[in-house]
Amino acid sequence: MALLCLHSNPARFFFSPPPKASRRGGVGFAVFSSHSNPRILKSSRRSRSGRGTTPYDDDHDGGEEESEEEEEALPYDDYSSDFEGSRQAQREEMKRKFSKTGQSRKLAYWSSDVHDIIIPRKANSQDYYRTPGRTSKKDAVELDSQEKLKNGKFTKSRFQKLVEELDFDEKWFPLIEYLSTFGLKESHFVSIYERHMLCLQMNLVSVKERLEFLLSVGVKHSNIKRILMRQPQILEYTVENNLKSHVAFLVNIGIPDSRIGQVITAAPSFFSYSVEHSLKPTIRYLVEEVGIKESDVSKVVQLSPQILVQRIDNSWTSRFSFLSKELGAPRDNIVKMVTKHPQLLHYSIEDGILPRINFLRGIGMRNSDILKVLTNLTQVLSLSLEGNLKPKYLYLVNELHNEVHSLTKYPMYLSLSLEQRIRPRHKFLVSLKKAPKGPFPLSSLVPTDECFCQQWAGTSLEKYVTFRQSLLIEDFARMYERKR
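Computed from a prediction, not measured in an experiment: that's the story for all the values here. (Residues numbered from 1 in each chain as written. Predicted model: local features only at pLDDT ≥ 70, side-chain atom pairs only at ≥ 80, totals over all residues. Heavy atoms only, no water.)

Draft legend 1. Looking closely at the environment of Ala 266. One can find Ala 266 in helix α11 (residues 257-266). Overall, the relative accessible area of 10% leaves Ala 266 in the buried class. For the pair formed by Ala 266 and Gln 306, sequence separation is 40 residues and the distance between their alpha carbons is 7.2 Å. (Helix = DSSP H or I, 4+ residues; strand = E, 2+ residues; numbered from the N terminus. Buried < 20%, exposed > 50% of the residue type's maximum accessible area, 1.4 Å probe, protein only.)

This is the structure:
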């Protein structure tokens, strides 16, 4: 990985003035994290946020996220020949050409004028089977004989079905057969065909080189399919002029080698953004305008890789203004919130942040208390109201006999699983007659299972695990009976 480094000092690009770049709304794509309440996402946009890692043992069951308008992905500094235009514009232009010429999709796609519209490239590009003067069929056959398919072949008969029904080209078979080793099926190839057909024209040698590079930097084999479904254009990005420089960027901002694959998997579209004109200016903005410490930049990106492709200026300004006015939050507190939980910049204000603040007010918290809770545990803003916060509050008051002000001292309570942590430990101490009279001590919910058994229960871990499992089975049985 050392060979990939652009330079050893990450501050080098933090403080140089960012170049001007045009910005406009980006195209949404599928989200990794699953949210408990899809209604609270902005209906006109899809969230780019993946689930961030958290130190809490919780049942993090849903963030309310808003996909801000994104910066347009600029052409790579030295890779403009393979830069992708608007997919929608491509489809519309293709339709227009078909209607005018009466050509089939296959013939029209390869006519020179349509090809120039779809993607600008050098005339001598080596990335496509149909490049004039290139006999790639032989290469494909030789590679096919060498490739050992591990996950089951995409058979010729299955491919023939796509040829007949969707006008797939026979020369695409070696590439599709190779990609099927990563778990892609007919439906996945149809999706790629409809969204970005050019990817299926790629040279098999080039595609193998690019995917093997991703595997070499830590992307899991099982995640290649997910990446290709979200960003099929990645098959077009060259290793030397794009992939290496973007990985080097991650290294230079402090992403550990062991986490680079996870960052790429969570936000593969970052390869379509210019390092110089988009990614570095984003980091500079986080440091100089938001106030994130340079030492925390790596942590922020690891927690929310989508922050690299988000319109940070809009999202930061709106949320900073809202929290300042709504809670009287000082800037330092808001910066701490973003550092601990950068997904905050994705959450919708109207449908995500404000309803949770109002919930905390509704159970008796003052603004100062809410600020303490959010500063210490910003993840509260990602939790479902009906499926998480309300049940935990009711259990706190009715079963644990605590008052709401105890949450300001132990905000972590709200992040713990009610079924896996809170209720089992409470019931276990009650069964042992070791639960203290009066309010149940929330501090007993914080330590690990081993420490809990030693310090509070005075029994073995095995006994507690058996009790917890039986409790979960009873709960499941009652749930099943109610559904009958």
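From this point on, the discussion continues.
Draft legend 2. Quick look at the packing of helix α16 (residues 349-362) against helix α17 (residues 367-376). One way to put it is that α16 packs onto α17 with a least axis distance of 10 Å and a crossing angle of 125°. Judged on the interaxial angle alone, α17 and α16 are oblique. Taken as a pair, α16 and α17 cross one another with a handedness that is right-handed. On α17, the residues that touch Ile 357, Leu 360 and Arg 361 of α16 are Asn 367, Ile 370 and Leu 374. A breakdown of the residues in the contact of α16 with α17 according to their chemical character gives four nonpolar, one polar and one charged. (Axes fitted to C-alpha atoms, helices over the stretch in contact; angles between N-to-C directions. Parallel < 35°, antiparallel > 145°, perpendicular 65-115°, else oblique. Left-handed = near helix turned anticlockwise from the far one by under 90°. Contact = heavy atoms within 4.5 Å. Nonpolar A, V, L, I, M, F, W, Y, C, P; charged D, E, K, R; others polar.)

Draft legend 3. Focus on unusual backbone geometry. Of note in this structure, His 401 is not a glycine but carries a positive phi near 55°. Among the structural elements, His 401 can be located in the loop between α18 (385-398) and α19 (406-409). The class of His 401 is exposed, set by a relative accessible area of 51%. With a phi angle near 60°, Lys 433 is a residue other than glycine that sits in the positive phi range. With respect to the helices, strands and loops of the structure, Lys 433 is situated in the loop between α20 (418-431) and α21 (449-457).

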